[in-house]
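Chains, contacts and geometry: an overview
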Amino acid sequence: MDHFTLQDGVLHAEQVALSLIADAVGTPVYVYSRATLERHAQVFKQALGALDNPLIAYALKSNPNLAVVRVLRQQGFGADVVSGGEMQRALMAGIAAEDIVFSGVGKTAREMADGVAAGIGQFNIESEEEGFELAAVAESMGKRANASLRVNPDVDAGTHEKISTGKAENKFGVPIHRAGEIFANLANKPGLNLRGVAVHIGSQLSDLAPMETAFAKLGTLIAGLRGAGHAISHADLGGGLGVPYKAGEIMPSPADYGAMVARVTKGWDVRLIFEPGRVISGNAGVLLTRVVRVKRGGNGDPFVIVDAAMNDLARPALYGAWHDFVAVAPSGERMTANVVGPICETGDTFAMGRDIDALEAGDLAIFRTAGAYGATMASSYNSRGFVPEVMVDGDRWAVVAERIEPAAILAAEKVPDWLE
Ligand code: LLP
């Protein structure tokens, strides 16, 4: 459920008309709803209600905007971060260092040292090599880094290949059949407090069965590690729960997910950690855009050319992703059209031959479910700027990230004097 609804014929974010935001800030612009973020956070917390004190570490990568992270901190969430930059944001948003989990296969020694210095709660180690390096970094600082070993369970998550992470051939985690041996090699390092295991098999999962298989394998691993004398106090089950992108699409609910987790992890006797991203932020944001013109007279359907492009919302171009596209002030008429951006490549296509609200030049429309992996994946391709972000809260709203104009990007470039 979200708070982007038609009121008196005009789409609103909570109580604010999207047309008002477009007029004030210009388009394209990302618009987030605080109430929707809070609702999703609460639903997720309730779904895990049967568990003892889980840590819900919001995956910043899905939407790292400071205001968004602040809302989730207020809901008691921690943070899952994958870079020094994300760690900085989580700390700036007020998340306690001990509630931060640092994931990712390519942490640099600098990022490790910064994380150890900040006292973050846990590093998820993705390889034996990384474990040795983290141990050395922490030891040289006279510290012990809390850590879990991420395993690759070799489970097919059944999602898009570019966002699957739990197959043996993917770069993430250590092969589960070698986890016991690698855990033993790392467990006695003075710089490490290796205390748990972690798994994350992919994103936008529409079926709980592969997750359940992966979690069950993790349970077997925990029992084996304990049998070998290791103390295991934490298990991180990652993120990955899918969200509906099409009106009417059915996805496993957080409640179904929570019930499955409670069943599979019964008796594990660990603190569970979760890293949800999309399920919290996805449907809490839209990309608001204006139709530049409608181009007719080709071989097929008309092209509705909008001022948003693949550099602003990359998902359709990257993953062939579907985002519902609706008019801000629908007339009731329909049309079949191709929805495209202004960028000079055919990949800059949001929808082909789609039945949409009838639109003309100057009309406003939104791409729904753009709160996750939207603004954060933007680029300045074609020398376009970065789209601003707005948060709505009831009848008030604020710009939470300024538009970055092409001139500001240009200002960072220099022509060396030997080219003068
Ligand atoms: N934890 C780890 C270790 C992850 O790699 C990810 C996502 C998450 C948590 C959060 O997953 P979520 O709950 O959001 O599914 N750009 C792609 C998605 C990439 C996901 C990467 N990892 C997209 O737009 O679909």
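Residues numbered from 1 in each chain as written. Predicted model: local features only at pLDDT ≥ 70, side-chain atom pairs only at ≥ 80, totals over all residues. Heavy atoms only, no water.

What follows deals with helix α5 (residues 109-118). Every buried residue belonging to α5 is among Glu111, Met112, Gly115 and Val116, and all of these are buried. The buried residues of α5 occupy an angular sector of 135° when the element is viewed end-on, so they sit on one face. Projecting away from the buried face of α5 at angles above 90 degrees are the exposed residues Arg110 and Ala117. Tucked into the core, α5 has its buried residues touching α4 (84-92), β7 (100-102), β8 (122-125), α6 (128-140) and β9 (145-152). Residue Gly119 follows α5 closely and has a positive phi angle near 75°. (Buried < 20%, exposed > 50% of the residue type's maximum accessible area, 1.4 Å probe, protein only. Helix = DSSP H or I, 4+ residues; strand = E, 2+ residues; numbered from the N terminus. Arc of directions from axis to C-beta. Contact = heavy atoms within 4.5 Å.)

Turning our attention to the site of the ligand. Close to the ligand lie 18 residues, the nearest being Ser203, Glu275, Arg315, Tyr319 and Tyr373. In the environment of the ligand, a nitrogen atom lies 3.4 Å from a nitrogen or oxygen atom belonging to the side chain of Asp80. Between the ligand and Tyr319 there is a distance of 2.8 Å, counted from a nitrogen atom to a side-chain nitrogen or oxygen. The fraction of the free accessible surface of the ligand (580 Å²) that becomes covered by protein chains is 92%. Each residue belonging to the shell around the ligand can be placed in one class, and the counts come to 6 nonpolar, 6 polar and 6 charged. Split by domain, the residues of the shell around the ligand number at least three in each of domain 1 (4-32 + 282-411) and domain 2 (34-281). (Near = heavy atom within 4 Å. Polar contact = N/O pair within 3.5 Å; in protein donor to acceptor, adjacent residues only side chain to side chain. Areas by Shrake-Rupley, 256 points an atom, 1.4 Å probe, with all protein chains shown as cover. Nonpolar A, V, L, I, M, F, W, Y, C, P; charged D, E, K, R; others polar. Domains from an automatic or database assignment.)

Looking now at empty space enclosed by the protein. Considering all chains together, one arrives at 1 cavity of 30 Å³ or more under this definition. There is about 30 Å³ of room inside the largest cavity. For the largest cavity, the full set of lining residues is Phe44, Gly238, Gly239, Gly240, Leu241, Tyr257, Pro276 and Val279. In terms of residue class, the lining of the largest cavity is made up of 5 nonpolar, 3 polar and no charged. (1 Å grid on protein atoms, 1.4 Å probe; cavity = no way out; pocket = protein on both sides within 12 Å on 5 of 7 lines; lining within 4 Å. Points joined across faces, edges and corners; volume = space filled by probe spheres on them.)

Right, let's talk about the pairing of β8 for a bit. Of the two faces of β8, both are covered, the one formed by Gln122 and Asn124 as well as the one formed by Phe123 and Ile125. Across 2 bridges, the pairing between β7 and β8 is parallel. Note that in β8 the partner of Val101 across the bridge is Gln122. Since β7 and β8 lie parallel, the crossover through α5 that links them has a hand, and here it is right-handed. Across 3 bridges, β8 lies against β9 in parallel orientation. (Pairing = 2+ DSSP bridges. Right-handed = clockwise from strand over helix to strand, strands pointing away.)

Another point: a nonpolar patch on the surface. A cluster of nonpolar residues, Val415, Trp418 and Leu419, forms a patch on the protein surface that exposes about 400 Å² of accessible area. Within the secondary structure layout, Trp418 lies in the segment after α12 (406-410). (Patch = residues over 30% accessible without salt bridge, like charges linked within 9 Å, V, L, I, M, F, W, Y side chains within 5 Å. Salt bridge = Lys/Arg side-chain N within 4 Å of Asp/Glu carboxyl O.)

With that settled, the discussion passes to the packing of aromatic side chains. By the definition in use, this model includes 7 aromatic pairs. Between Phe325 and Phe367, the aromatic rings sit 4.8 Å apart at their centres with planes inclined by 40°, giving tilted as the arrangement. Of this pair, Phe325 sits in strand β16 (residues 325-327) while Phe367 sits in strand β19 (residues 364-367), and the two are 42 residues apart along the sequence. Overall, the relative accessible area of 1% leaves Phe367 in the buried class. An angle of 40° between the planes, with centres 4.4 Å apart, marks the rings of Phe350 and Phe367 as tilted. Here Phe350 is found in strand β18 (residues 349-357), whereas its partner Phe367 is found in strand β19, with 17 residues between them in sequence. For the pair Phe350 and Phe367, a shared accessibility class is recorded, and that class is buried. Through a chain of ring-to-ring contacts, the aromatic side chains of Phe44, Tyr257 and Phe274 assemble into a single cluster. (Phe/Tyr/Trp six-rings, centres within 6.5 Å; stacked < 30°, edge-to-face > 60°.)

Our next topic: the domain arrangement of the chain. When the parts of a complex come together, some accessible area is lost, and that lost area is often used as the size of the interface. Its domain assignment divides the chain into domain 1 (4-32 + 282-411) and domain 2 (34-281). Placing a centre on the C-alpha atoms of domain 1 and another on those of domain 2 gives a separation of 32 Å. Contact with domain 1, which involves 24 residues of that partner, is made by 25 residues of domain 2. Between domain 1 and domain 2, a total of about 2,100 Å² is buried, with carbon and sulfur atoms accounting for 54% of that surface. Among the residues domain 1 hides against domain 2, the three largest losses belong to Tyr319, Tyr373 and Met391. Together they make up 25% of the total. (Buried area = accessible area lost by both parts, 1.4 Å probe.)

An order of β1-β2-β3 is seen for the 3 strands of this open sheet, with the pairing classed as antiparallel. Both outer strands of the open sheet, β1 (4-7) and β3 (16-17), are each paired with one neighbouring strand and no more. With 4 bridges connecting them, β1 and strand β2 (residues 10-13) associate as antiparallel partners. Bridge pairing links Leu6 to Leu11 in β2.

Another aspect to go through is the environment of Arg110. Structurally, Arg110 can be placed in helix α5. Overall, Arg110 belongs to the exposed group, its relative accessible area being 62%. For the pair Arg110 and Glu128, spaced 18 residues apart in the sequence, the C-alpha separation amounts to 18 Å.

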